[in-house]
Amino acid sequence: MDFVDIIFVVFALIVVVSAFIVVFSRSIIRSAFSLLFTFFGVAGLYVLLNADFLAVTQVLIYVGGILILILFGVMLTTNVVSVEIKTGTLQTVPAAVIVAVLSGTIAGIFWFTEWHTAPAREGPTTKALGTLFMTDYLLPFEIASILLLVALIGAAMIARHERGTEGGR
Amino acid sequence: MHITLFHYLFVSAILFGLGVFGIVTRRNAIMVLMGIELVLNSANINFIAFSKFGGLNMAGQAAAVFVIILAAAEAAVALAIVLNIYQNFKTLNVDEVDEMRE
């Protein structure tokens, strides 16, 4: 077990434990902050998988964007000082059984399948990814940019507070 | 023990299970969103693990980039909808929000 394997175990433990806290914590604030560690752990796994550009993208977009959005959502919709912030769960036991069976099945498939493995490509990936987006994946790339524009306008439209209809707030 | 493809896939399977568990059990809409993010992250781990071990190379990483783009768009629109729901219903319990109108 060499050094890289130990690093992998550390990141995998960070991901799994913090994801457990996300799912099982009673406080939604604690869940949101635990999600931070999940995203960082996943970024570490990306680094171990030779995906340097994706690791940085993960930190920038998930931690810097999505997590901040979620925290804004939490703080705009719940009263932080009251007990309302605790969120209930329902039907935990049947859900746990079904999810355990589901995850076990998936892990079993992963274990028993003879995966076709090939030697990995070494070196930095940013230039290769950029070339790929400008050649093979040009159409999905442009469609994604249009999708982001639509999501931007749509989110602004949906979240905008309509004045005059209810007399302010 | 040497880290192979299976170990990454196993971590992603656990993450997927936890995300689905969060989606189906939590009542708060924002917690459901966090579960969706966990599921998307587990899918991304799979893509990139196959890009290293399975010979998928850069195609897997390109797919992961598109997943991240879609996750960002989804989070923005979903949180806008959540804020609107909170303004109209004064609650985020997904069991109580079962009507399209107020």
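Residues numbered from 1 in each chain as written. Chains lettered and ligands numbered in written order. Predicted model: local features only at pLDDT ≥ 70, side-chain atom pairs only at ≥ 80, totals over all residues. Heavy atoms only, no water.

To continue, consider the overall build of chain A. From N to C terminus, chain A includes 6 helices and 0 strands. For chain A, the succession of helices and strands along the chain, N to C, is α-α-α-α-α-α. Burial statistics for chain A: of 169 residues in total, 34% are counted as buried. Once local pairs closer than 6 in sequence are excluded, the contacts in chain A between residues at least 24 apart make up 55%. (Helix = DSSP H or I, 4+ residues; strand = E, 2+ residues; numbered from the N terminus. Buried < 20%, exposed > 50% of the residue type's maximum accessible area, 1.4 Å probe, protein only. Contact = heavy atoms within 4.5 Å.)

Before going further, it helps to spend a moment on the environment of T113 of chain A. Residue and element names in this part refer to chain A. Among the structural elements, T113 can be located in the loop between helix 4 (92–112) and helix 5 (126–134). For T113, a relative accessible area of 31% puts it in the partly exposed group. A distance of 2.4 Å separates a polar atom in the side chain of T113 from the backbone oxygen of I109. (Polar contact = N/O pair within 3.5 Å; in protein donor to acceptor, adjacent residues only side chain to side chain.)

Below, the discussion takes up the packing of helix 1 (residues 3–24) of chain A against helix 2 (residues 28–48) of chain A. Residue and element names in this part refer to chain A. The geometry of helix 1 relative to helix 2 is characterised by a closest axis approach of 8 Å and an angle of 155° between their N-to-C directions. In terms of their interaxial angle, helix 1 and helix 2 are classed as roughly antiparallel. You can see that helix 1 and helix 2 cross each other, and the crossing is left-handed. Along the contact surface, helix 1 presents V4, I7, F8, F11, A12, I14, V15, S18, A19, I21 and V22, while helix 2 presents R30, S31, S34, L35, F37, T38, G41, V42, G44, L45 and L48. (Axes fitted to C-alpha atoms, helices over the stretch in contact; angles between N-to-C directions. Parallel < 35°, antiparallel > 145°, perpendicular 65-115°, else oblique. Left-handed = near helix turned anticlockwise from the far one by under 90°.)

With that out of the way, let us pick up the nonpolar core. With 71 residues, the main nonpolar core has Y8, I30 and M34 of chain B as its most contacted residues. Mapped by element, the contributors of at least two residues to this core are helix 1, helix 2, helix 3 (52–77), helix 4 and helix 5 of chain A together with helix 1 (5–25), helix 2 (29–53) and helix 3 (58–89) of chain B. Contact partners of I30 of chain B, with chain neighbours within four places excluded, come to I28, I70, G73, V74 and T77 of chain A together with L79, V82 and L92 of chain B. (Core = buried A, V, L, I, M, F, W, Y, C linked by side-chain atoms within 4.5 Å.)

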